[in-house]
Amino acid sequence: MTATLLRAERARKVYGDKIAVNDVSITLTDGDTVGIVGESGSGKSTLGRMLLGLSRPSGGDVLYDERPLREVLAGRRSALQFRRDVQMIQQDTSASFDPCLTIRQSLRIPAQVLGGLDRARADECIEALAPEMGIAPELIDRMPTELSGGQRQRMAILRALVVRPRLVVCDEVISALDVSVQARILNLLKRYVRDHGMGLVFISHQLPATAFITDELLVMYHGDVVERGETDRLLTAPASDYARGLVEAYRNLAAP
Ligand SMILES: Nc1ncnc2c1ncn2[C@@H]1O[C@H](COP(=O)(O)OP(=O)(O)OP(=O)(O)O)[C@@H](O)[C@H]1O
Ligand SMILES: [Mg+2]
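Criteria and cut-off values
- Residues numbered from 1 in each chain as written.
- Chains lettered and ligands numbered in written order.
- Predicted model: local features only at pLDDT ≥ 70, side-chain atom pairs only at ≥ 80, totals over all residues.
- Heavy atoms only, no water.
- Buried < 20%, exposed > 50% of the residue type's maximum accessible area, 1.4 Å probe, protein only.
- Helix = DSSP H or I, 4+ residues; strand = E, 2+ residues; numbered from the N terminus.
- Pairing = 2+ DSSP bridges.
- Axes fitted to C-alpha atoms, helices over the stretch in contact; angles between N-to-C directions.
- Contact = heavy atoms within 4.5 Å.
- Near = heavy atom within 4 Å.
- Polar contact = N/O pair within 3.5 Å; in protein donor to acceptor, adjacent residues only side chain to side chain.
- Areas by Shrake-Rupley, 256 points an atom, 1.4 Å probe, with all protein chains shown as cover.
- Parallel < 35°, antiparallel > 145°, perpendicular 65-115°, else oblique.
- Left-handed = near helix turned anticlockwise from the far one by under 90°.
- Nonpolar A, V, L, I, M, F, W, Y, C, P; charged D, E, K, R; others polar.
- Disulfide = S-S within 2.5 Å.
- Phe/Tyr/Trp six-rings, centres within 6.5 Å; stacked < 30°, edge-to-face > 60°.

Draft legend 1. Focus on the pairing of strand β7 (residues 167–171). Summarising burial for β7: 5 of the 5 residues are buried, a large majority. Across the two faces of β7 the burial is the same, with Leu167, Val169 and Asp171 and Val168 and Cys170 all buried. Sheet topology note: the strand β6 (residues 86–90)/β7 ladder contains 5 bridges and is parallel. Along β7, the bridge assignment pairs Val86 with Leu167. In this sheet, strand β8 (residues 199–203) lies alongside β7 in parallel orientation, the contact comprising 5 bridges.

Laid out in structure tokens, this is it:
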């Protein structure tokens, strides 16, 4: 049996009188790929941030290896372990890499600090992983501003993978990119996940892209999970009105 890696148990987040996430439970074991979809403001990022320990639940709990995350993060060693196991990739912004460092220097930081590698081993690891993200070796020594948005986003993925995490939480990682670049990144990430048995939480408001890369979907609406289940089933036979509307909207969009 695969052990539970990360679990939200009736996790709730309240901002003032706004319930951003309403008692959501989710269990992630190694290799699980789960998509979180729903319209803007439905609570996807807030749930993701709670899973990553970046936002403390107002109610319920998030557990890592069955231990409350706040306890895990309070210990130096256990916090390091968590940060190595569970990585985050966010939408590329110009601030996502330090503008004063080359990409290589930025990538070495997690490899050395979290992965405990020396500089030579960190470089080996970066160079071995680069082809898996379709990155030409010469790009690694560029400054962040010398890369295109798509190249920089693949570097951000590489930075998360360099510590060989068990789970990666992606929040709108392809939304700002053009469609051909989106497809390339989705394919590379999908292959990596399959080849390495890595877990993935893929947060996006783009249903087709999310469905392509995940086995399970969680559909959120106003902080609630209105439907969840196997991706294929949810796409072909959505049970809730909201999920049906979402699926139909994309089906109509795809029609000529
Ligand atoms: N730090 C915050 N302070 C106050 N309200 C917040 C905060 N973060 C999120 N919210 C509110 O919580 C709700 C959920 O926001 P969240 O960012 O999780 O949505 P989302 O599904 O990720 O949306 P999007 O698709 O636009 O990224 C929204 O109503 C938002 O305004
Ligand atoms: Mg969001």
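Draft legend 2. Layout of the sheet that holds β7. Taken together, the 6 strands give an open sheet; going across it, the order is β6-β7-β8-β3-β9-β10, and neighbouring strands pair in mixed fashion. Single-partner strands in this sheet number two, and they are β6 and β10 (224–230). Shown here is a sheet whose adjacent strand axes are inclined to one another by a mean of 15°, direction ignored. Docked against the sheet, helix α3 (residues 76–85) engages β6 and β7, running at close to 50° with respect to β6.

Draft legend 3. Inspection of the site of ligand 1 at higher detail. The local shell around ligand 1 consists of Tyr15, Lys18, Ala20, Glu39, Ser40, Gly41, Ser42, Gly43, Lys44, Ser45, Thr46 and Glu172. Separating an oxygen atom of ligand 1 from a side-chain N or O atom of Ser40 is a distance of 2.5 Å. At a separation of 3.1 Å, an oxygen atom of ligand 1 approaches a polar backbone atom of Gly43. Coverage of ligand 1 by the protein chains reaches 59% of its 630 Å² of free accessible surface. Of all elements in the fold, only β2 (18–29) and α1 (44–51) reach the threshold of two or more residues within the shell around ligand 1. The element best represented in the shell around ligand 1 is α1, accounting for 3 residues.

Draft legend 4. Structural view of the packing of helix α4 (residues 103–113) against helix α5 (residues 119–129). Close contact between α4 and α5 brings their axes to 9 Å; oriented N to C, the two are set at 110°. With respect to α5, the axis of α4 lies roughly perpendicular. α4 and α5 meet at a crossing whose hand is right-handed. Along its contact with α4, which presents Arg104, Leu107, Arg108, Ala111 and Gln112, the element α5 presents Arg119, Ala122, Asp123, Ile126 and Glu127. Looking at side-chain class alone, the contact of α4 with α5 contains 4 nonpolar, 1 polar and 5 charged residues.

Draft legend 5. Region of interest: the side chain of Arg154. In this fold, Arg154 is placed in helix α6 (residues 149–161). Sequence-distant contacts of Arg154, that is, excluding residues within four places in its chain, are made with Met133, Gly134, Ile135, Arg184, Ile185 and Leu188.

Draft legend 6. A look at the state of the cysteines. Under the defined criterion, the tally for this structure stands at 0 disulfides. Counting only cysteine sulfurs, Cys125 is the nearest neighbor of Cys170, a cysteine outside any disulfide, at a range of 18 Å.

Draft legend 7. The arrangement of the pairing of strand β3 (residues 33–37) in detail. When you tally the buried positions in β3, you get 5 out of 5 residues, the bulk of the element. Of the two faces of β3, the one carrying Thr33, Gly35 and Val37 and the one carrying Val34 and Ile36 are both buried. Sheet topology places β3 next to β8; 4 bridges connect them, and they run parallel. Of the residues in β8, the one forming a bridge with Gly35 is Phe202. Alignment of β3 against strand β9 (residues 216–221), held across 4 bridges, turns out to be parallel. Along β9, the bridge assignment pairs Gly35 with Leu217.

Draft legend 8. Summary view of the packing of aromatic side chains. Counting across every chain of the model gives 2 aromatic pairs. Judged by centre distance (5.0 Å) and plane angle (80°), the ring pair of Tyr64 and Phe82 falls under edge-to-face. With a gap of 18 residues between them, Tyr64 in strand β4 (residues 59–64) and Phe82 in helix α3 connect regions that are remote in the sequence. Aromatic pair Tyr221 and Tyr242: ring centres 4.5 Å apart, planes at 35°, arrangement tilted. With Tyr221 in strand β9 and Tyr242 in helix α10 (residues 241–254), this residue pair connects regions lying 21 residues apart in the sequence. Taking relative accessible area as the criterion, Tyr221 reaches 32% and is therefore assigned partly exposed. With a relative accessible area of 18%, Tyr242 lands in the buried category.

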